[in-house]
Structure formats: structure tokens, C-alpha cells
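# Examination of the molecular architecture
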There are 2 protein chains.
Amino acid sequence: MRDILPDEVELRDAAVRKIVSVYRAYGFRRIETPGLESLRLLAGSEGGENEKLIFKVMKRGEELESARRAGEDLADLGLRFDLTVPLARYYAENHAKLPDPLKAIQIGPVWRAERPQKGRFRQFTQCDIDVLGLASPLVEIELILATTDALARLGLSDLTVRINDRRLLEIVARHCGFPEAAYGAFFIAFDKLDRLGPEGVVTELSESGHDAQAVRRFSELLPGLNPDKVTLETLRAALPDAGTTDAWASLATIIATANAEIAAGCRVRFDPTLVRGMGYYTGPIFEIASAGYPSSIAGGGRYDRMIGRLLGRDVPASGFSIGFERLISILSERGGVPAAEDAERAERRVALLVDERGDVAAAVRAAKRLRAEGDLVSLEVRRKNVKKQLDDLMTHGFWGHATVEDPTRLPEVKALVRRAEAR
Amino acid sequence: MRDILPDEVELRDAAVRKIVSVYRAYGFRRIETPGLESLRLLAGSEGGENEKLIFKVMKRGEELESARRAGEDLADLGLRFDLTVPLARYYAENHAKLPDPLKAIQIGPVWRAERPQKGRFRQFTQCDIDVLGLASPLVEIELILATTDALARLGLSDLTVRINDRRLLEIVARHCGFPEAAYGAFFIAFDKLDRLGPEGVVTELSESGHDAQAVRRFSELLPGLNPDKVTLETLRAALPDAGTTDAWASLATIIATANAEIAAGCRVRFDPTLVRGMGYYTGPIFEIASAGYPSSIAGGGRYDRMIGRLLGRDVPASGFSIGFERLISILSERGGVPAAEDAERAERRVALLVDERGDVAAAVRAAKRLRAEGDLVSLEVRRKNVKKQLDDLMTHGFWGHATVEDPTRLPEVKALVRRAEAR
């Protein structure tokens, strides 16, 4: 976990403002859930590896004592490890008071007890949009357009959205002859294609005891899955037992419609090798990469069966999550968030130095006048070493400084500030 | 803990935006600390009752096992119960990279394991400003002006800032003849004046075994502490052993200067009966009440010795905290946050209904065009019962709705939206 210094908080705030303003334009609204959830909910959520990383909170008072005596679990709450599991619980509990479909923005901290390492924090921010209650390709179209639009407005260009569908992955598995019970393990190995290459994946599948004939059929199919060459049509032709799923038609609609309206320089591309880790996906899955950055900046997919386990009836759901910490590190390398197109009036940060034994009231009055004109004004007590003090102020982002002792000198002071700024 | 629905999140966001914009105008900048801190830090922080309400997080993996075997504490982290203790740690660790003085804004969740009750939550938001590194009445003047300015811009008028100084409370205690070891207990009883009345406080002091003569002297002094009648001068005259403290002069400067520049309809008032609970205060203390609301909306004070316990050298510090949840419940009763003086263009929320088997691409295109004009547009799949669907949309804050099937009809659609909005 880490502290965040003022410059970075300002960058994060600016990014959040921009993202929220784009998502709101697409009809999404912010919701909030608490940081703590019941451990039972978190531990039974198909969260995969993340469930092992839950920070557990101890019971309190008499409950803790009786749990100790009875040798029962000492923890009853946990810090959320993502925003999707809490969203499912939120929907299950509040759906009667919510719009249907719910189009939710969630931006907030999550916690994972990972071993600390460079660029990985045990508390970090997630930034998700989800649509709950609607099973239609329109949902994925809007998720993709909104997310690419937000990233493009943050200055990330040349975005590629890779898209696939869990149902196609299942058709591939069935086509190769993997038994249904082995699908999960097959997907996990397939997901390593980027890292291991085709031969590595085939070797891993063989060595982990999968059916040899299925592995051979998969290795024959693999060259045809190359995203540079494959299309929905060629893949469908290669999979004669493609079944009655509407995944093909739905993917075709999503790709064509999103490509027609996507931000300039961006594209959506079918990639039958995209798998994504989480077990809960049931339909389209997608990731965004920006040219020049190796790993993906955002990822998501449809998870139509998660809410059903809490609510007792399935509710269609699909979401897209921006890797907020990664985004901030990219924006930080690039020097910040691009200025708004509508060019808000630039803020001036002014430090007013006042002699503490001088006319403090006049300084307060002067500050008030500058603030009324829109300046950010910090009143500072003048130190003996004024030169060092002024240098320090400049280091910390002050654009100008002025000295106020005599209120009648205010016009001149103002001029000083302006001159400092103009440099 | 509780979930927050979209309308309330929007109110909270608007309040935060307004508060942050005022605080930034006073030269404050946002910082962020993590939700989890070491339990050692939290439990040794003079946090009083709050330390008993810490949510404790269990150790993990091998560390947990070895703690179990050794019969040691099973928890090593805790959720922060306020933003002041983490700020002190933040300053101690990061001061070399921070401006001096540091003028910090903190807005974020804190957790207390209280028994759930109406209006009290176990996770709630705090909203603090603090100035670290400067011992000057200028700090308190700016804290008071910034906080009242922020509240006034949120539509709270007729604000009264009650102010006292811990050093004056000590002079009162000494004057009455309480031994120094009894000051803490005396302040705790004195703090109940609002609730118990003067006689109740005197009875409680007697019954809890304080020196009888000291209690008598205090009961003789009490009528002269009535904030409607007392002034700094009359109190000083009543306390001949007032000592050499600069608390008198400093309070006089704060009150006079802040009163000269405070928002219209607001005032700062000396109140020698103001105590405030926390043991860590060392100088001026203050609270804000709004006419018509019984309890205070904001409180704070100077705590010059807290950082020293972490850093090894004392750093002057003073802060003001807005009771954010209370503020939100007041704003919510009043129907929201007043529109900005500069009247941002009002947002239009539009729902576009599309037949899923119709021209989805045209609907996406239409939505894009409306968004480019600044509308918030939600694409919705048209249901069989359109009338109910439209009613539901209106319930959830949509101002207008329109039906898009044919892109050539877009101008007409736009007109529909405008008509709906004009109603």
C-alpha cells in the first residue's frame, strides 16, 4: 500500500473526471458499495486466484470470544478484491430501487494481499462500467464505444479492442474433442498463448495429461486461429459443428457497429485466441491494448450467471474495467491529462507572503479579492530566508508569488503575480 | 455499512466537487493515504474511544500460522478510524517531498466497528483540511474562512463558529485548583455541559470524587463562562493567574480577522465552554453549527504534538473536519447542492429506445450525434410494454425520451427530446 502525493492525486482526479464525464454521456451513473463485504460472499464468488488474496477482518467483542472458545472462524468480513462481486450483491439487494437495466459506473479502491512488488500495490483503484439486466449486443457495443471514447479523450490513441466469445471457445474445445470437464483446464493453457507460443501451449496441454487426440486436433486448428488471418466466417467454416449459438451473429453485429462509430484511429478486431482468466464469463469477452504498450489497459466480458447465485434468478450482465493504476502510470509518463476541448480557464496558483507581525487582516483581505477573481491563493507566513521560501514554493507548483503588507499596494501586487505567470 | 444509490452518489459527488474547489482556492491540495494502516500506529494514537472500534485485519499465510503457534496477536493491520492519524504518519514518512507547510485536503472513507444504529454507519466519509508545519493564527483564520466558505456555497447559511483554546481550558482548570492529573477527567465532565446543564456537570464532578474546593470554585466561575455574555477580556479579568500564554492574543486575532472576512450571515464567537473530545488538541479548537440544526457540522483544532510521536520532533498542526455524512443528509433534505454561480450548461439526460431487430447501427449513430452536442444519452432496447418502460425511465431521472429507428428521422427525434425537456 502506498501514499499518494499531491501531483499524482491531481492527475488521478483529472482522469476520473474525464472518464466519468464520458461514461455519463453514455447514460451510466455512479454507484458505491462499501469496502468490506461478508467473507462468505467474497470466498464463494468464482473469483479464482483473487479469493486467496482476501484481507480478512476479525470478528469483534463477544462474537470473537465465542468463536475462539468454539474453535470457529475468527474472521467474518473481508476487504473487497474487485468491484464485480460487490456489484452483484448490490444488484441482488437493491434491484427494486434501481433502473432496469442498471448502467453502473464504479470507481474505488480494492485490496489484494499480494506480495509487494514493483508496480503492484495491495490497495489499488478499479474503474468499471457494467450493464445489468440486458442481454443484447447493444450492451457490448456501448461498453466498447464508451471505454475507447474515454481512453481516447485521455490522449491514448491507436487503440485495438480484441474481442472473442466464451461460447466460441467452447465450440473450439468441443470441436477438438476435449471432454466438458476439461474445458476449464484447456482454457487456462490456451490463455498462455501470448507467453508460451503455439508449441508451448500444445506441449503444456500434452504434458498435463489431456486427451492426446484432442490436443492433436487443437494443434491442427491453431494456425487457423491467427488473429491476423482469421475472420468470423473462416472460423465458422472450420468448425462444422458450430451449433445453434447466436454468438456468431452477435459478435458480427458488435464488431461491425462498434467499428463504424469508434473513435478515430481505433478498431475492434475478432481474436479467437483471447481467453481471459475469470471463470465467470459466459459470452463476449474483450480487452483493449494501446499501440506501444505491451499489456492490456482494459478488459471485460459478459457474466450472465453471477447474479443468479445471489438472487435465485439469472440476470444478464456485462462489464468493462479500465486498469486504472496502469492508465495513471501511462498518463504520468506522458505528462498528464490533455486539456479539455472546451479549454477551462487555466487556474493560477498564487502564494501571498505575509509578515506575521504585519497586517495579517490586510493579507486575508487581499487573498479574498484574488480568490473572487478565480485564483488559487495560499497565504504563507514569510520566513527569514525568503529566497529559499520562494524557490520551495515554485518547486511545489506555484506559478507566481507576491508580497502583501500594505493593502493599498494590492494593485501592484496583482501586477507582480501576473508578471511571474507570464514568464 | 451501506450501499449508495445513484441519486445520492451524484449529490455526494457534487458536494465534494464544490468543497474541493473552495479548498483549492485557499491553496490546499488533495492527498491520499491507504485504508489500511499498521495496527500499532492506530492503537497508539490517542484516538480515545475510537481505538476500541478498529476493524482488525488478520495476518496472512506463514505469519498467521506462526502467530497462532506462538499464541501472538493474529492481527497486524487495521482499517483507519479517522484521517488525522494517517495524515500524521503520511507527513512523517513523506515530508521531504511535500511543501512546507503542507496544506492538505483529505476526503475518503473511514471505518468504525460501532453497533449499527440509525444514521450511524460503520463505513463513512470524512472530509478534512489540515495545515502541517506552521504555528500561526493565520492557519486557524484560513481554516475557518475556507470551511465556512465551502459550507456557505453549499447553501448552508447562518453559520456560527464557536472557538476556544485548550490552553484557556487548562488555565480554568488550574484557576479552580484541579490537580494537573485530573484535567482530562475534568474536561470530559465539562464537555457534557450542553447535555447535563451547569448543575448536572457540577454534580457529576462531585460524585466522581474530584477535589470539593475545586468543584466549588468551578461552580462559582461557570455563570461567567456563558458564551452569550463572556468576552476574552471579561474572562481574562476573572482569571488573575492567566499566565504568559499567547492564547489570549492569538484567539483575539483569529476572531477579529475571521469575522472581518467571513461569508455573509456567518460569525465566529468565543465560547469558553467548548471542549471537544479528543485528547490530542493543544491550542485553538472550533466547531461550526448551522441555525436550525442542533449538532455541529464541522469541528477541529490544533494538535501540535501528534506528529512528534512519529517523527521524533514536534511539527505544528491544525485541522478542520466537515461531518460529511451529516452534511449530505442536510443537503438531501434541502433538495441538493445549489447550482454553480457560473451556471454550467444544464445537462440533458436522454433515453433513446431502439428496436433490437431494427437498425441498431442507426441508433448508435444518433446517440453519438446527441452526445457530441453535450447530451447524456442512454441507448435502451425497446420493450413490449413501452409505456411502462418510459414511465420507469422518467422515475430514474430521464428528462426526455425519443424513439429512433430511422436515422433520417433524427432531427424530429431531437425535437421530441426538446419538447419533453421543456415541460
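Coordinates for the structure precede this section.
Please read all numbers here as calculations on a predicted model, not as lab measurements.

### Focus: helix α1 (residues 6-25) of chain A
Structural remark: α-helix, 3.6 residues per turn; residues separated by three or four positions point the same way. Residue and element names in this part refer to chain A. Helix length check: α1 (20 residues) gives 29 Å between terminal C-alpha atoms against 28 Å at 1.5 Å per residue, within 8%. Taken across its 20 residues, α1 has 14 buried, putting it largely inside the fold. Residue Gly27 follows α1 closely and has a positive phi angle near 90 degrees.

### Details of the sheet that holds strand β1 (residues 29-30) of chain A
All names here are of chain A. A sheet is described by the order of its strands in space; here 8 strands give the open sequence β1-β5-β6-β11-β10-β9-β7-β8, paired in mixed fashion. The open sheet terminates on both sides in strands that have one partner only, identified here as β1 and β8 (267-270). The pairing of strand β10 (residues 298-302) with strand β11 (residues 317-322) spans 5 bridges and is antiparallel. Within β11, the position partnered with Ala298 by the bridge is Ile322. Across the sheet, α1 lies against β1, β5 (102-111), β6 (123-132) and β11, angled at about 160 degrees from β5, the strand it touches most.

### Details of empty space enclosed by the protein
Left-over empty space is what a probe sized like a water molecule reveals as it rolls over the atoms. By the definition in use, this model includes 2 cavities of 30 Å³ or more. Looking at the largest cavity, its volume works out to about 60 Å³. Forming the walls of the largest cavity are Leu379 of chain A together with Pro101, Lys103, Val131, Leu134, Leu138, Val139 and Glu142 of chain B. With 3 residues, helix α5 (residues 137-153) of chain B is the single largest residue contributor to the lining of the largest cavity. The class makeup of the residues in the lining of the largest cavity is 6 nonpolar, no polar and 2 charged. Of the pockets and cavities examined, the second largest cavity occupies roughly 50 Å³. Contributing to the lining of the second largest cavity are Lys103, Val131, Leu134, Leu138, Val139 and Glu142 of chain A together with Leu379 of chain B. With 3 residues, the single largest contributor to the lining of the second largest cavity is helix α5 (residues 137-153) of chain A.

### Here's the deal with the interface of chain A and chain B
Contact residues are listed per partner, giving 76 residues for chain A and 76 residues for chain B. Of the roughly 6900 Å² buried between chain A and chain B on both sides combined, carbon and sulfur atoms contribute 57%. Applying the counting rule to chain A against chain B returns 14 salt bridges. With its nearest N and O atoms 2.8 Å apart, the salt bridge here joins Arg89 of chain B to Asp3 of chain A. The tally of links between chain A and chain B comes to 38 residue pairs in polar contact (both at pLDDT 80 or more). Sort the elements by how many residues they give to the side of chain A that touches chain B and α1 of chain A lands first, with 7 residues.

What counts, and at which threshold
- Residues numbered from 1 in each chain as written.
- Chains lettered and ligands numbered in written order.
- Predicted model: local features only at pLDDT ≥ 70, side-chain atom pairs only at ≥ 80, totals over all residues.
- Heavy atoms only, no water.
- Helix = DSSP H or I, 4+ residues; strand = E, 2+ residues; numbered from the N terminus.
- Expected span 1.5 Å × (residues − 1).
- Buried < 20%, exposed > 50% of the residue type's maximum accessible area, 1.4 Å probe, protein only.
- Pairing = 2+ DSSP bridges.
- Contact = heavy atoms within 4.5 Å.
- Axes fitted to C-alpha atoms, helices over the stretch in contact; angles between N-to-C directions.
- 1 Å grid on protein atoms, 1.4 Å probe; cavity = no way out; pocket = protein on both sides within 12 Å on 5 of 7 lines; lining within 4 Å.
- Points joined across faces, edges and corners; volume = space filled by probe spheres on them.
- Nonpolar A, V, L, I, M, F, W, Y, C, P; charged D, E, K, R; others polar.
- Buried area = accessible area lost by both parts, 1.4 Å probe.
- Salt bridge = Lys/Arg side-chain N within 4 Å of Asp/Glu carboxyl O.
- Polar contact = N/O pair within 3.5 Å; in protein donor to acceptor, adjacent residues only side chain to side chain.

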